[in-house]
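Now for the letters of each chain:
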Amino acid sequence: MAVSTVYVLIVCVFLFLIHPLPSSANLHKTNKLLRSQLLEHTTGNNKPLNYTSPTVYFEVTKPIKIPKAKPCTYLVLQHDFGYTYGQPPVLANYTPPSHCPSQEFSKIILEWKATSRGRQFDRIFGVWLGGVELLRSCTAEPRATGIVWTVRKDITRYYSLLLRKDKQELAVYLGNIVDKTYTGVYHVNITFHFYPTEDNFRYYNHRLNNLKMGSDSHADLILPISRKLPLYDGLWFEIENSSDTKSKDFKIPPNVYRAVLEVYVSFHENDEFWYSNVPNDYILANNLTDTPGNGPFREVVVSIDGEIVGAIWPFTVIYTGGINPLLWRPITGIGSFNLPSYDVEITPFLGNILDSRFHKLEFSVTNALKVWYIDANLHLWLDDKRARTLGKLSMHESKPFALCSVSDFEGLNGKFVTSARRSIFSSGWVASSRGNITTTFYQHFGYNNYIKMGKNGDSQDVNQVISFNDSIFFQKVSSYSQWMKSLKTFSFGMYSDNLDQENGTLLLANVTLGFNEKKIFSSTDSGLVINFLNNHQDGQGVILVKDNLVVSGVGSTQQVYQYDDTNFCYSRNISSSNYVILYDKVKTSCNKYEQFHPDLNLHKLWPFETRRSSLAFEFPNNNEV
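Novice: Requested: an account of the overall build of the protein chain, with residues and values cited.
Specialist: Looking only at helices and strands, the protein chain has 5 helices and 29 strands in total. Looking at the 625 residues of the protein chain, the share that counts as buried comes to 58%. Intrachain contacts of the protein chain at a sequence separation of at least 6 include 78% that bridge at least 24 residues. When the accessible area of the protein chain is evaluated, it comes to approximately 25,200 Å², of which 52% is carbon and sulfur surface.

Structure representation (structure tokens):
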């Protein structure tokens, strides 16, 4: 099936305002091969043969701002994850840290520290407390000499859950396999660090004049929207196809005045590389029965009682074994050690659910293939002066997403253009002891994806940009208003190719990832506050495969991370190649001339254009893979 490329572009431009696409790419065959075949581990040239110190893996991110006071430390779990696939989650009893001198805390940090040695694939895992997910992450892939990695996450937003007086269960599911081939056992410590309250570190009060976002003001109650124990898997719901839905009934107290749904999302198996999935007409025409399809567009849809309340167009997290594992050693992919969660403001809908009855929260994934893991935490703010609040949904609009998808191919070669747009709007008021407050929540999404298949399907280019923008407005009758905007741009590109050699097959892959966000807070008492994040990765990798085994290879990664807000600047420029850090430049101060300030025009998107990475063809012998 073939149509004019010019016609393809005219159709999509007519339907949408096309955003600029990055220049980069991917090969689906490479992804599949690395997922299905054993990676041979040999000794690299960068270290002597007797080198036995473990390699430190890490994700580049800004440091968590913490008080100067020494924290009260609480080891909540210590466990060795051997053969745990299909087994129940590991459980530990949890009660608040009564041994701490202070019982009021300004910051609470979860620290995951793990070591491993041997050979192992990447494994997804989750940490839940009382059914509330605290962390979604991916393990690092070990090497013969051992690895160690640490994830530190600010979990202060779960304050009310962490300080509950009754005993709760901490659950950790990490589905690992240990046998003659996969020998890596994950030795894990999970520690909570409780920092005592300091005046300049007091967490935001949840009254109206500090009502920013769920992550900036801890809720009074958090309800788990997840599966219940006992299980032989994680507490997440599993979405297996485009018609599959998963739901949970919930009931909220009658005195809620604000509600935020925090959603965790991860994608696996046939949809792990959903952004490079080709359309079904291409698969059918070429009889590619083992190739994932349904095209490259995905969205997570959240509904209450059948009404769409929000959507998520997820960031393209690449796990530590994805595409070419050598790209992520020791610098891991953006978000792979701490997968992002996504907030959906459902305060406008409180008028529909403040009736002390059960209601249904439902998840689905557009165009999904097996399998997506999804669950959520419902953050609720309670009126401590009234037994009941009142509310009403004033306006709600959620039109079906607009999609343009056109294929132009002949045989295994072709081009595919996919664009999509969606907007969701809701507004409602809640009357509480804080007054009558109208909350308006608006989401706008933009999506563009371009795929090119060449060399009879042996090469593939993928270029994708997602804009994911949220706005929240709080208006108190005749007096007070406050608003927040989050403007996110997720850019992604891959290039890969297969080259036949006398001694095997060379698999080439370039990857670019971009996670950019601009947050703007405005209120009558604090004025305008703006935060910027610009996070960009480039990776290049080549591996040699012979007889279905990876014989040798080289991978290099460059990353630039820039963060800037009113009080703090942080930047890091780092590069690695085959486990060795080539340079690492960190800066923790800035002035008005150095601060990173993209376009402040709030009505515009903030596009982030990636660039094609050049492949390094130096191919040293006996590199560790």
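Novice: Summarise the pattern of salt bridges; cite the residues concerned and give the values.
Specialist: Here the structure, examined in full by the defined rule, presents 18 salt bridges. Residue Glu299 pairs with Arg422 through a salt bridge whose shortest N-O separation is 2.9 Å. Of this pair, Glu299 sits in strand S14 (residues 299-304) while Arg422 sits in strand S21 (residues 413-432), and the two are 123 residues apart along the sequence. The pair formed by Glu299 and Arg422 is uniform in burial state, with each residue classed as buried. A salt bridge links Glu517 to Lys488, with the shortest nitrogen-to-oxygen separation between them at 4.0 Å. Placement of Glu517 in strand S25 (residues 504-523) and of Lys488 in strand S24 (residues 480-501) is noted, with a sequence separation of 29 residues between them. Counted as one network, the salt bridges with shared partners bring together Glu133, Arg136 and Asp375.

Novice: Kindly report on the sheet that holds strand S1 (residues 55-57), identifying the contributing residues and their values.
Specialist: Ordered in space as S1-S7-S4-S9-S2, the 5 strands form an open sheet in which the pairing is mixed. Two strands in the sheet have a free side with no partner beyond their single neighbour: S1 and strand S2 (72-81). Sheet twist, expressed as the average angle between the axes of neighbouring strands with direction ignored, equals 20°. Where strand S4 (residues 105-116) and strand S7 (residues 147-154) come together, 8 bridges link them in antiparallel fashion.

Novice: Explain the confidence of the model for the protein chain residue by residue, including any values.
Specialist: In the predicted model, the protein chain carries a mean pLDDT of 86, and 82% of its residues have values of at least 70. Taken as a whole, residues 13-50 scores under 50 in pLDDT and shows 141 contacts with residues more than four places along the chain or in a different chain. Contacts from residues 203-215, a stretch scored under 50 in pLDDT, to residues over four places away or in other chains number 50 contacts.

Novice: Describe in detail unusual backbone geometry, supporting the description with residues and values.
Specialist: The amide bond that connects Leu229 to the next residue, Pro230, takes the cis arrangement and shows omega of 5°. Tracing the backbone through its elements, the reader meets Pro230 in the loop between strand S10 (221-225) and strand S11 (237-239). For the peptide bond that leads from Arg329 to Pro330, omega is 5°, which places it in the cis range. One non-glycine residue, Glu269, lies in positive phi territory at about 50°. Inspection of the secondary structure assignment puts Glu269 in the loop between strand S13 (256-267) and helix H4 (280-285). Positive phi values are uncommon outside glycine, yet Asn367 reaches one of about 65°. Structurally, Asn367 is set in the loop between strand S17 (359-366) and strand S18 (372-382). Using a relative accessible area of 23% as the deciding quantity, one classes Asn367 as partly exposed.

Novice: Hey, could you go over the sheet that holds S17 for me, with residue numbers and the actual values?
Specialist: Pairing is antiparallel in the open sheet, where 4 strands are placed in the order S12-S17-S14-S15. A single partner strand is all that each edge strand has here, and the edge strands are strand S12 (245-250) and strand S15 (307-312). Adjacent strand axes in the sheet meet at a mean angle of 20° when their direction is disregarded. In this sheet, S15 lies alongside S14 in antiparallel orientation, the contact comprising 5 bridges.

Novice: Explain the state of the cysteines residue by residue, including any values.
Specialist: Going through the model one piece at a time under the given rule, you end up with 1 disulfide. Disulfide partner of Cys72: Cys100, at an S-S distance of 2.0 Å. In this structure the cystine formed by Cys72 and Cys100 twists about its S-S bond by roughly -90°; its chirality is therefore left-handed. Of this pair, Cys72 sits in strand S2 while Cys100 sits in the loop between strand S3 (90-94) and S4, and the two are 28 residues apart along the sequence. For the pair Cys72 and Cys100, one class covers both residues: buried.

Novice: Which residues make up the nonpolar core, and what values do they have?
Specialist: Across soluble globular proteins, nonpolar side chains show a tendency to be buried alongside one another. Core analysis: the biggest nonpolar cluster contains 147 residues, and Trp112, Trp149, Ile190, Phe192, Ile252, Trp372 and Leu378 have the highest contact counts within it. Per element, the largest residue contribution to this core is 9 residues, and it comes from S13. Excluding its chain neighbours within four sequence positions, the residues that come into contact with Phe192 are Cys72, Thr73, Tyr74, Val76, Tyr94, Ile109, Leu110, Leu134, Ile155, Leu162 and Leu170.

Novice: Could you give an account of the side chain of Thr139, with specific residues and numbers?
Specialist: Considering the arrangement of structural elements, one finds Thr139 in the loop between strand S6 (132-138) and S7. A polar contact is formed between the side chain of Thr139 and the side chain of Tyr186, at a distance of 3.2 Å. Dropping the residues within four chain positions of it, Thr139 is found in contact with Phe121, Asp122, Arg123, Phe125, Trp149, Leu174, Tyr186, Thr320 and Phe337.

Novice: Lay out the environment of Gly539 in plain terms, naming residues and giving numbers.
Specialist: Here Gly539 shows up in strand S26 (residues 527-546). When the C-alpha positions of Gly539 and Ser577 are compared, they lie 9.6 Å apart, and in sequence the two are 38 residues distant.

Novice: Give me the lowdown on the packing of aromatic side chains, citing residues and values where you can.
Specialist: Each aromatic ring pair is described using two quantities: the centre-to-centre distance and the angle formed by the ring planes. Counting across every chain of the model gives 37 aromatic pairs. Relative to Tyr373, the ring of Trp236 has its centre 4.5 Å away and its plane inclined at 5°; by these criteria the two rings are stacked. Of this pair, Trp236 sits in the loop between S10 and S11 while Tyr373 sits in strand S18; the two residues are 137 residues apart in sequence, bridging distant segments of the chain. We note that Trp236, like Tyr373, is buried.

Rules used in this analysis
Residues numbered from 1 in each chain as written. Predicted model: local features only at pLDDT ≥ 70, side-chain atom pairs only at ≥ 80, totals over all residues. Heavy atoms only, no water. Helix = DSSP H or I, 4+ residues; strand = E, 2+ residues; numbered from the N terminus. Buried < 20%, exposed > 50% of the residue type's maximum accessible area, 1.4 Å probe, protein only. Contact = heavy atoms within 4.5 Å. Areas by Shrake-Rupley, 256 points an atom, 1.4 Å probe, with all protein chains shown as cover. Salt bridge = Lys/Arg side-chain N within 4 Å of Asp/Glu carboxyl O. Pairing = 2+ DSSP bridges. Axes fitted to C-alpha atoms, helices over the stretch in contact; angles between N-to-C directions. pLDDT = per-residue confidence, 0-100. Disulfide = S-S within 2.5 Å. Core = buried A, V, L, I, M, F, W, Y, C linked by side-chain atoms within 4.5 Å. Polar contact = N/O pair within 3.5 Å; in protein donor to acceptor, adjacent residues only side chain to side chain. Phe/Tyr/Trp six-rings, centres within 6.5 Å; stacked < 30°, edge-to-face > 60°.

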